[in-house]
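This is what each chain is made of:
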Amino acid sequence: MGVLIVNINELCIDDILINIGKVLEIEEKPDCYSLVIERMDQKQIWTFKKNDSLTILRNQRSYLNVLVLHPIQPIKINFSKLGSILNF
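Colleague: In this structure, what is going on with the side chain of aspartate 15? I would like to understand it.
Modeller: By the element assignment, aspartate 15 lies in the loop between strand 1 (2-7) and strand 2 (16-17). Classification of aspartate 15 as buried rests on a relative accessible area of 0%.

Colleague: Explanation requested: the sheet that holds strand 1 in the structure shown.
Modeller: Within a sheet, each strand pairs with its neighbour through backbone hydrogen bonds, oriented either parallel or antiparallel. Taken together, the 6 strands give an open sheet; going across it, the order is 1-6-2-3-4-5, and neighbouring strands pair in antiparallel fashion. Both outer strands of the open sheet, strand 1 and strand 5 (42-49), are each paired with one neighbouring strand and no more. Pairing analysis gives 6 bridges linking strand 1 to strand 6 (residues 53-58), with the strands arranged antiparallel. Bridge pairing in strand 6 places valine 3 opposite leucine 57.

Colleague: It is not clear to me how the environment of arginine 58 should be interpreted in this structure. Could you clarify?
Modeller: Secondary-structure assignment places arginine 58 in strand 6. Reaching out from arginine 58, the side chain makes a polar contact with the side chain of aspartate 15 at a distance of 2.8 Å.

Colleague: Teacher, can you tell me more about the pairing of strand 3 (residues 21-28) here?
Modeller: A regular strand places its side chains so that they alternate between the two faces of the sheet. Where strand 2 lies against strand 3, 2 bridges are found, and the strand directions are antiparallel. Looking at strand 3, one finds that leucine 17 is bridged to glycine 21. Pairing of strand 3 with strand 4 (residues 32-39), which is carried by 6 bridges, proceeds in the antiparallel orientation. Bridge pairing in strand 4 places glutamate 27 opposite serine 34. A loop of 3 residues connects strand 3 with strand 4, the two strands running antiparallel in sequence.

Calculation notes
- Residues numbered from 1 in each chain as written.
- Predicted model: local features only at pLDDT ≥ 70, side-chain atom pairs only at ≥ 80, totals over all residues.
- Heavy atoms only, no water.
- Helix = DSSP H or I, 4+ residues; strand = E, 2+ residues; numbered from the N terminus.
- Buried < 20%, exposed > 50% of the residue type's maximum accessible area, 1.4 Å probe, protein only.
- Pairing = 2+ DSSP bridges.
- Polar contact = N/O pair within 3.5 Å; in protein donor to acceptor, adjacent residues only side chain to side chain.

Structure below.
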């Protein structure tokens, strides 16, 4: 587990918003994000601006969600230009 500050668009299901609760659902709208959060034995809807940053506690399950939702992109190399870059 680790405490992180993330942009709202990096938030994942199962992240825990510090002092608020566990994220159950995330819905992106044109101007904001709506989150369903488990808080005080209830499901509550919270709305955040698209440029907000949040302090979260990310557990192991959340890290797995990050890998699924934000997979590492392969690097594309143009080999025809590589020789000129390396002075070959």
